[in-house]
Amino acid sequence: RPMDDGALGASVLVPALRAVGVRRIDRMVLSHADADHENGLLAVARHMRVGELWYSGDPAKSREHRALLASLAAQQSRWRRLPVSPWSATRLQVGGTAVQVRLANGPGLSRNDRSLVLAIGSPDVSLLLTGDIEADAEAALSASPLPHAAIRVLKVPHHGSKTSSTPALLRWSKPAFAVVSGRPWAQHQLPATSIVRRYKQQAIPLWSTAA
């Protein structure tokens, strides 16, 4: 939740990482500077050593954003702004894993549409991590070559909002299954019923944290 100063991340995310033996983060990725995408990172940055931050450089003035950057600066983490030009994939090799980072940019695009998109591929699995992109950025992404031969896991864009998960994106990515960071509370439940139905119509199994 916005304005929680990383409390949820400290109570849930940090213990979960420690439970599987994680004590250090080599590379932390900020999809975009919205509080619900920063609070977990803020908690991690306060409790663990972070080697490098990947981010778009999109300006933000929120308390969470200032606190995250201050925590990383205090431990002298490296900062890497990605990518340098819109929708030109920045290709990186991290160990045996191939990583592509993409960013939509242009007049009129929302901060959500300017989320970093990561395509991660290893010999065992391929992931497409979409941040909060919406229809405009999805259209641009769907017009580009598929980053890997097949997408195993799709992180559902924008928490399953009605403004995302367009039919074009689902036809393009053809994931084996999808995972959505949802919520069963608040005025607008996520994922939206119409989006759940769309994944079902496309025969894509959907796993939700709201379930």
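Reading the values: the criteria
- Residues numbered from 1 in each chain as written.
- Predicted model: local features only at pLDDT ≥ 70, side-chain atom pairs only at ≥ 80, totals over all residues.
- Heavy atoms only, no water.
- Core = buried A, V, L, I, M, F, W, Y, C linked by side-chain atoms within 4.5 Å.
- Buried < 20%, exposed > 50% of the residue type's maximum accessible area, 1.4 Å probe, protein only.
- Helix = DSSP H or I, 4+ residues; strand = E, 2+ residues; numbered from the N terminus.
- Pairing = 2+ DSSP bridges.
- Axes fitted to C-alpha atoms, helices over the stretch in contact; angles between N-to-C directions.
- Phe/Tyr/Trp six-rings, centres within 6.5 Å; stacked < 30°, edge-to-face > 60°.
- Parallel < 35°, antiparallel > 145°, perpendicular 65-115°, else oblique.
- Left-handed = near helix turned anticlockwise from the far one by under 90°.
- Contact = heavy atoms within 4.5 Å.
- Nonpolar A, V, L, I, M, F, W, Y, C, P; charged D, E, K, R; others polar.

Draft legend 1. The arrangement of the nonpolar core in detail. Membership of the largest hydrophobic core comes to 20 residues, with the highest contact counts inside it found for Leu128, Leu141, Leu154, Ala178 and Tyr199. At the level of secondary structure, the elements contributing two or more residues to this core comprise strand 6 (116–121), helix 4 (135–142), helix 5 (167–173), strand 9 (177–180) and helix 6 (193–201). With three residues, helix 5 is the largest single contributor of residues to this core. Listed in part, the 15 residues of the second largest apolar core include Met28, Ala43, Met48 and Leu72.

Draft legend 2. Local environment of the sheet that holds strand 8 (residues 153–155). Ordered by their spatial adjacency, seven strands build an open sheet running 4-5-6-7-8-9-10, and the pairing between neighbours is mixed. Each edge of the open sheet is held by one strand with a lone partner, namely strand 4 (90–94) and strand 10 (206–208). Across the sheet, the mean angle separating the axes of adjacent strands is 20° when strand polarity is ignored.

Draft legend 3. Examining the packing of aromatic side chains more closely. Here the structure, examined in full by the defined rule, presents two aromatic pairs. When the centroid spacing of 5.9 Å and the interplanar angle of 80° are considered together, the rings of Tyr55 and Trp79 count as edge-to-face. You can see Tyr55 sitting in strand 2 (residues 49–55) and its partner Trp79 sitting in strand 3 (residues 78–81), a full 24 residues away along the chain. Accessibility expressed as a relative area gives 38% for Trp79, which makes it partly exposed. Their ring planes at 25° and their centres at 4.5 Å tell us that Phe177 and Trp207 sit as a pair that is stacked. With Phe177 in strand 9 and Trp207 in strand 10, this residue pair connects regions lying 30 residues apart in the sequence. Taking the relative accessible area as the measure of exposure, Phe177 reaches 15% and is therefore buried.

Draft legend 4. Representation of the packing of helix 1 (residues 7–19) against helix 2 (residues 35–47) within the structure. Here helix 1 crosses helix 2 at 60°, and the two axes come no closer than 9 Å. Judged on the interaxial angle alone, helix 2 and helix 1 are oblique. For the element pair helix 1 and helix 2, the recorded crossing hand is right-handed. Only Gly40, Ala43, Val44 and His47 of helix 2 make contact with helix 1, whose side of the interface consists of Gly9, Ala10, Leu13, Val14, Leu17 and Arg18. Across the contact of helix 1 with helix 2, the residue classes tally to six nonpolar, three polar and one charged.

Draft legend 5. The pairing of strand 5 (residues 97–103), seen in detail. Buried residues dominate strand 5, accounting for five of its seven residues. Two elements, strand 4 and strand 5, share five bridges in a ladder whose sense is antiparallel. Looking across to strand 5, one finds that Arg91 is bridged to Gln100. The antiparallel pairing of strand 4 with strand 5 creates a hairpin that spans two residues between the two strands, and Gly95 there sits at a positive phi of about 65°. For strand 5 and strand 6, the ladder comprises six bridges, and the chain directions are antiparallel. Counterpart to Val99 in the pairing with strand 6 is Ile120.

In short, the description is geometric, and any link to function would need to be established separately.
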